[in-house]
Amino acid sequence: MKPPSSLEALIEALRCLPGVGPKSAQRMAYHLLQYDRDGAQKLCASIGQALQSIRRCAKCNSFTEDEICALCSSPRRDAALLAVVETPADLLMMEQTLAFPGMYFVLMGRLSPLDGIGPKDIGLDRLLARATDGVVREVILATNFTNEGEATAHYIGEMLRGRGIKVSRIARGVPVGGELEYVDSGTLAQAVVERRPL
Amino acid sequence: MSTRARQDNQLGYVLHTYPFRETSLVVETFTRAHGRVGMVARGAKRPRSALRGSIMAFQPLGLSWSGRGELRLLLRAEWQGGQPRLQGRALLCGFYLNELLLKLLPREDAHEQLFLDYQTALARLGEEAEPGAVLRRFEKALLRELGYALALDRDSASGAQIEPQGSYAYEPERGPVSINGGAPAGLVLSGRTLLDIVRDDYRDPQTLQQAKALMRLLISHRLEQKPLNSRRIFEELQQL
Ligand SMILES: [Zn+2]
């Protein structure tokens, strides 16, 4: 029996979610229609609401409902420090450390030449404008330590250093509380290369 | 080519990965004994995955896999060490090499010599300030390996030896042809450039520049004008 066309459309729509294939999409659709019509109603309304009200913060490029997000408008943050991260999730991780008093810029991605993602796709022009606003004195590059994250950090560093801004990179190495026996070889190798004098 | 389903600790490199299903990755590899092999790394996107940390491009790995289909199942990827991490512009050059291999090399076709050339290129990219010569040597090796006999030392119209002082028009399907006056369309190279490329000698700046144009022409020809993302992005980054 062929499912009705609006059910088919729903299944097809659910497939836009990351990691959801045809099977999971079908399961989700049946679940919503059979057991949780209220949940489906809420999902529908909140997606509509979010699409309408959420946009990019003019300063940090992350998601907000205002022109400028709460973090970027906070007078308690040090506006001279700007950390560059790849994703809003990375920003949240940085915030949880309570170690960083400054502001952020979220790239919403990273340079990935093999996927065709270049400087225009991660808003480097907007980052440049943000970092050269006259208030920012140091930019801290907190992109991932993948090859793509490293390439991203390198080119942002070149771009900003050329304009007289101090640039630093977060350090890497053996995790805090980590035992060498359980650290992966790549991390340990890099920690040896980047050893520092005591 | 071996048809054994399971392979253990095969030396190879990750060329690229992309997400596959919810928590897995497709890993495109280049191995010494089996050429390009595509594999699925199951659960590799999970935070505690043992594969997660070692699946990284530009690092020699000991790869174990099983299966026979288009995509094998990656079982282990063990760090071999010995290659310093590429940094800065060398990383972009590395991405370019990987894109060439992904777009030009067919799967499951062993290319041991090219594998060694790739290893050498990565090592040199890590050491040398000027990557031009490293890239040209690798491009030449790749074209040769793909069965494209690079015509460099003879005029393909007359059969005469290339004169260092001469000027030659180069067409991909034809090779160099001496220019006797007149301005031909297409790429013009000096005889010296052609002879320098034969010897892999890129010390002369004009050779380096003309060799780049020649390799670009030949590679686009092989790619049938499919664009190379890494080249475009490298150019965009130069304009920052
Ligand atoms: Zn903000």
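Whatever comes next refers back to the structure up there.
Everything numeric here is computed off the predicted structure, so don't read it as measured data.

1. Details of the overall build of chain A
Then comes step 1: The secondary structure content of chain A amounts to eight helices and six strands.
Then comes step 2: Each helix and strand of chain A, ordered N terminal to C terminal, gives the series α-α-α-β-β-α-β-α-β-α-β-α-β-α.
Then comes step 3: For 198 residues, the compact-globule estimate of 2.2 N^0.38 gives 16 Å, and the C-alpha radius of gyration of chain A, at 22 Å, exceeds that figure by more than 25%.
Then comes step 4: Seen along its three principal axes, the alpha-carbon backbone of chain A occupies a region of about 70 × 45 × 35 Å.
Then comes step 5: Counting all 198 residues of chain A, 37% fall into the buried class.
Then comes step 6: Taking all contacts inside chain A whose residues are at least 6 apart in sequence as the whole, residues at least 24 apart take part in 46%.
Then comes step 7: Accessible area for chain A stands at about 12200 Å²; split by element, carbon and sulfur atoms hold 57% of it.
Then comes step 8: Across chain A, 23 positive and 23 negative side-chain charges occur, with their mean positions spaced 3 Å apart.

2. Thoughts on the interface of chain B and chain A
Then comes step 1: Chain B puts 26 residues into the contact, and the matching count from chain A is 26 residues.
Then comes step 2: Counting the surface lost from both chain B and chain A, the interface buries some 2300 Å², and carbon and sulfur atoms represent 65% of this.
Then comes step 3: Scanning the region where chain B abuts chain A turns up two salt bridges.
Then comes step 4: In this structure, the salt-bridge partner of B:Arg85 is A:Glu150, at a minimum N-O distance of 4.0 Å.
Then comes step 5: One can count four residue pairs in polar contact (both at pLDDT 80 or more) joining chain B with chain A.
Then comes step 6: Put simply, the parts of the chain that give the side of chain B that touches chain A at least two residues each are β1 (7-20), α1 (89-104) and α6 (229-238) of chain B.
Then comes step 7: The element contributing the most residues to the side of chain B that touches chain A is α6(B), with eight residues.
Then comes step 8: Here the residues of the side of chain B that touches chain A are counted per class, giving 13 nonpolar, six polar and seven charged.

3. Comments concerning the coordination of the zinc ion
Residues and elements named next belong to chain A.
Then comes step 1: Summarising the metal site, the zinc ion is bound by the protein donors Cys 57 (SG), Cys 60 (SG), Cys 69 (SG) and Cys 72 (SG), whose distances to it range over 2.3 Å.
Then comes step 2: With four donor atoms in place around the zinc ion and angles of 104 to 117 degrees between them, the coordination shape is tetrahedral.
Then comes step 3: One chain supplies every donor for the zinc ion, spaced along it as C-x2-C-x8-C-x2-C. With Cys 60 in the loop between β1 (55-56) and β2 (63-64) and Cys 72 in helix α4 (residues 70-73), this pair connects stretches of sequence that are 12 residues apart.
Then comes step 4: According to the relative accessible area criterion, Cys 60 is buried, its value standing at 2%.

4. Overview of the pattern of salt bridges
All names here are of chain B.
Then comes step 1: For the structure shown, the criterion picks out 27 salt bridges over all chains.
Then comes step 2: A salt bridge links Glu 139 to Arg 136; its shortest N-O distance comes to 2.6 Å. Note that Glu 139 and Arg 136 are positioned in helix α3 (residues 132-145) at a spacing of three residues, about one turn of the helix.
Then comes step 3: The exposure class assigned to Glu 139 is buried, which follows from its relative accessible area of 2%.

5. Quick word on the packing of α1(B) against α3(B)
All names here are of chain B.
Then comes step 1: Their axes nearest at 11 Å, the elements α1 and α3 cross at an angle of 10 degrees. With respect to each other, α1 and α3 are oriented roughly parallel. Contacts between α1 and α3 involve Cys 93, Tyr 96, Leu 97, Leu 100, Leu 101 and Leu 104 on the former and, on the latter, Leu 135, Phe 138, Glu 139 and Leu 142.
Then comes step 2: Looking at side-chain class alone, the contact of α1 with α3 contains nine nonpolar, no polar and one charged residues.

6. With respect to the packing of helix α2 (residues 22-35) of chain A against helix α3 (residues 37-53) of chain A
Residue and element names in this part refer to chain A.
Then comes step 1: Contact geometry of α2 with α3 gives a least axis separation of 5 Å together with a crossing angle of 115 degrees. Accordingly, the angle class assigned to the pair α2 and α3 is roughly perpendicular. Residues Leu 32, Leu 33 and Tyr 35 of α2 form the contact with α3, whose participating residues are Arg 37, Ala 40 and Leu 43.
Then comes step 2: Partitioned by chemical class, the residues of the contact of α2 with α3 number five nonpolar, no polar and one charged.

About the cut-offs
Residues numbered from 1 in each chain as written. Chains lettered and ligands numbered in written order. Predicted model: local features only at pLDDT ≥ 70, side-chain atom pairs only at ≥ 80, totals over all residues. Heavy atoms only, no water. Helix = DSSP H or I, 4+ residues; strand = E, 2+ residues; numbered from the N terminus. Rg over C-alpha atoms; globule rule 2.2 N^0.38 Å. Buried < 20%, exposed > 50% of the residue type's maximum accessible area, 1.4 Å probe, protein only. Contact = heavy atoms within 4.5 Å. Areas by Shrake-Rupley, 256 points an atom, 1.4 Å probe, with all protein chains shown as cover. Lys, Arg positive; Asp, Glu negative; His and termini not counted. Charge placed at Lys NZ, Arg CZ, Asp CG, Glu CD. Buried area = accessible area lost by both parts, 1.4 Å probe. Salt bridge = Lys/Arg side-chain N within 4 Å of Asp/Glu carboxyl O. Polar contact = N/O pair within 3.5 Å; in protein donor to acceptor, adjacent residues only side chain to side chain. Nonpolar A, V, L, I, M, F, W, Y, C, P; charged D, E, K, R; others polar. Donors = N, O, S within 2.8 Å, 3.2 Å for Na, K, Ca; no water. Tetrahedral: all angles 85-135°; square planar, octahedral: opposite > 155°, others 65-115°. Axes fitted to C-alpha atoms, helices over the stretch in contact; angles between N-to-C directions. Parallel < 35°, antiparallel > 145°, perpendicular 65-115°, else oblique.

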